Amino acid sequence: MTTTFSFFLAVIFTVASAQLSPDFYAISCPSALSIIQDAVRTAVSAESRMGASLLRLQFQDYFVNGCDGSVLLDDTEGFTGEKTAVTNVNSIRGFDVVDNIKSRLEEQCPGTVSCADIIAVAALVSCADIIAVAARDSLGGPNWTVQLGRRDSTTASLSDANSDIPSGILDLSDLRSAFAKNGFSAKEMVTLSDLLGQKSVINLRKEYHSSIVVERKSVDHDPPSYMGFRSTGTHSIGQARCFVFRTRIYNEENINPEFAMSLRRNCPSGDDNLAPLKPDNEVFDNNYFKNLVSMKGLLHTDQQLFNNGSTNAQVKAYSLDSASFFADLADVMVKMGNLSPLTGTDGEVRTNCRKINGS
Ligand code: HEM
């Protein structure tokens, strides 16, 4: 049964990725990637946290009925989108950056780049730059190719967003179910979790792949269309609100006491007071996993990954071996980008990411 299910998922992902291509805009909008990269760089220079916020936007969109830009749709009188879902309200951000990218693309290449792909590439930039920092500091430049050609949804679902996006209070078994629903193993869930709070985009510089990732088997590469980035400057820091970690720092026992005490100072009240998801996130590294082993996960869900459960061994392994973490990350990000995209004539390419065309 398990084998049949795995085969079924493998078929779905293979078909999905076969419909996307890294060269999708090579003729219709050759400057698309550089326009997006430039806008993301500007946004992160203005506010360092924005890279993390764009990365999160990708996750919050793709886990709800696939990669379709549905999270960007505004509520209207007769339509309720996903922005007010429990995990999203007063929390997800970056919409203005996406709007800005979209209007620049519309000027340059009207009606060709879908909003879902802006999310993919904006988030790629954030993630790739995070990884590029690790490259500078240790490995030498892991990266992945962003598949393109997704189209935008003509609808969104508040109820699916409420049920499909994992919230910060889940225990390990529910987290595993949430990821399994999208075809991710427990190991892949652990790999993705390190992205919480990592730094991101900084002085992006286009380069072609001469890096370690070229030698890796599972990232599809096409030298002429491959885009790589290396970061060389400022930081972007992922954060969480007091509201989402207060229960943990006051009531949970699987937390380092000094760590909990230090967080309480800024979180006695004030739901919107922020704390970094990874306190030492000056560098993209495996410290997230080291923190979990030291019982210093900020969110309840973080610490669930290292709480004497089935993912303990993976967290421990990554905490001791950053190279294996880097090696796994690109594959998981590519896989996330392949979640049920709309392609061909499905959906539409929105001219305004916040609205369905014609509305
Ligand atoms: C295990 C499932 C996950 C849960 C339960 C979860 C939950 C959360 C929560 C509660 C926050 C803080 C939100 C707030 O304070 O309003 C957050 C922030 C964040 N999450 Fe997740 N998350 C998960 C997986 C992921 C994944 C897979 C990614 C990346 C692909 C990601 C990227 C981020 C980032 C970058 C932030 C910081 C955003 C910012 O600073 O604006 N998360 N997450």
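Going by the structure above, here's the rest.
Predicted, not measured: the structure shown is a model, and the values here were computed from it.

Definitions and limits used
Residues numbered from 1 in each chain as written. Predicted model: local features only at pLDDT ≥ 70, side-chain atom pairs only at ≥ 80, totals over all residues. Heavy atoms only, no water. Helix = DSSP H or I, 4+ residues; strand = E, 2+ residues; numbered from the N terminus. Buried < 20%, exposed > 50% of the residue type's maximum accessible area, 1.4 Å probe, protein only. Contact = heavy atoms within 4.5 Å. Areas by Shrake-Rupley, 256 points an atom, 1.4 Å probe, with all protein chains shown as cover. Phe/Tyr/Trp six-rings, centres within 6.5 Å; stacked < 30°, edge-to-face > 60°. Lys NZ or Arg CZ within 6 Å of the ring centre and 35° of its normal. Polar contact = N/O pair within 3.5 Å; in protein donor to acceptor, adjacent residues only side chain to side chain. Arc of directions from axis to C-beta. Disulfide = S-S within 2.5 Å. Salt bridge = Lys/Arg side-chain N within 4 Å of Asp/Glu carboxyl O.

A. A look at the overall build of the chain. Looking only at helices and strands, the chain has 14 helices and two strands in total. Looking at the chain residue by residue over its 359 residues, the buried ones come to 54%. Considering only intrachain contacts with a sequence separation of at least 6, the fraction spanning at least 24 residues in the chain is 78%. Split by element, the accessible area of the chain, about 15,100 Å² in all, is 54% carbon and sulfur.

B. Region of the structure containing the environment of N256. Note on placement: N256 falls in the loop between α9 (242-251) and α10 (257-264). Given the relative accessible area of 17%, N256 is considered buried. Sequence separation of N256 and N291 is 35 residues, and the distance between their C-alpha atoms is 9.7 Å.

C. Seen up close, the packing of aromatic side chains. A full pass over the atoms with the stated rule returns nine aromatic pairs. Between F59 and F63, the ring centres sit 4.6 Å apart and the planes meet at 55 degrees, which makes this aromatic pair tilted. Both residues of the pair, F59 and F63, belong to the buried class. With a centroid separation of 6.3 Å and 80 degrees between ring planes, the pair formed by F179 and F184 is classed as edge-to-face. Across the pair, exposure class does not vary: F179 and F184 are buried alike. An aromatic cluster is built from F59, F63, F179 and F184, whose rings are joined through pairwise contacts. Over the face of the ring belonging to F95 we find K83, whose NZ or CZ atom lies 4.1 Å from the ring centre. When the ring centre of F184 is taken as origin, the NZ or CZ atom of K335, which lies over that ring, is 5.1 Å away.

D. How the structure looks around the side chain of K83. Checked against the element boundaries, K83 lands in the loop between α3 (50-62) and α4 (95-108). Here L72 takes part through its backbone oxygen, which lies 3.1 Å from a polar atom of the side chain of K83. A distance of 2.5 Å separates the side chain of K83 from the side chain of D74, its partner in a polar contact. Leaving out residues up to four positions away in the same chain, K83 has contacts with V71, L72, L73, D74, N88, V89, F95 and R354.

E. Spatial organisation of helix α7 (residues 172-180). Listing the buried residues of α7 in full gives L172, L175, A178 and F179. The buried side chains of α7 occupy one side of the element, clustering within an arc of 120 degrees when seen end-on. In this structure, the buried residues of α7 make contact with α3, α8 (186-193) and α12 (300-304).

F. Broad picture of the state of the cysteines. In total, this model carries two disulfides according to the counting rule given. Two residues, C115 and C353, share a disulfide whose sulfurs are 2.4 Å apart. Handedness of the C115-C353 disulfide follows from its S-S torsion of about -95 degrees: it is left-handed. In this pair, C115 is assigned in helix α5 (residues 115-137) and C353 in the segment after α14 (322-337), connecting sequence segments 238 residues apart. Here C115 and C353 have matching classes, each one buried. Covalent S-S linkage joins C242 and C267, the inter-sulfur distance amounting to 2.0 Å. One disulfide, between C242 and C267, carries an S-S torsion of 85 degrees and so falls in the right-handed class.

G. The arrangement of the pattern of salt bridges in detail. Within this structure, the stated rule accounts for 13 salt bridges. Close ionic contact of D164 with K181 constitutes a salt bridge, the shortest N to O distance being 2.6 Å. In this pair, D164 sits in helix α6 (residues 158-164) while K181 sits in the loop between α7 and α8, placing the two residues 17 residues apart along the sequence. The salt bridge involving R248 is made with E252; its shortest N-O contact spans 2.9 Å. R248 sits in the buried class, given a relative accessible area of 1%. According to the relative accessible area criterion, E252 is partly exposed, its value standing at 23%.

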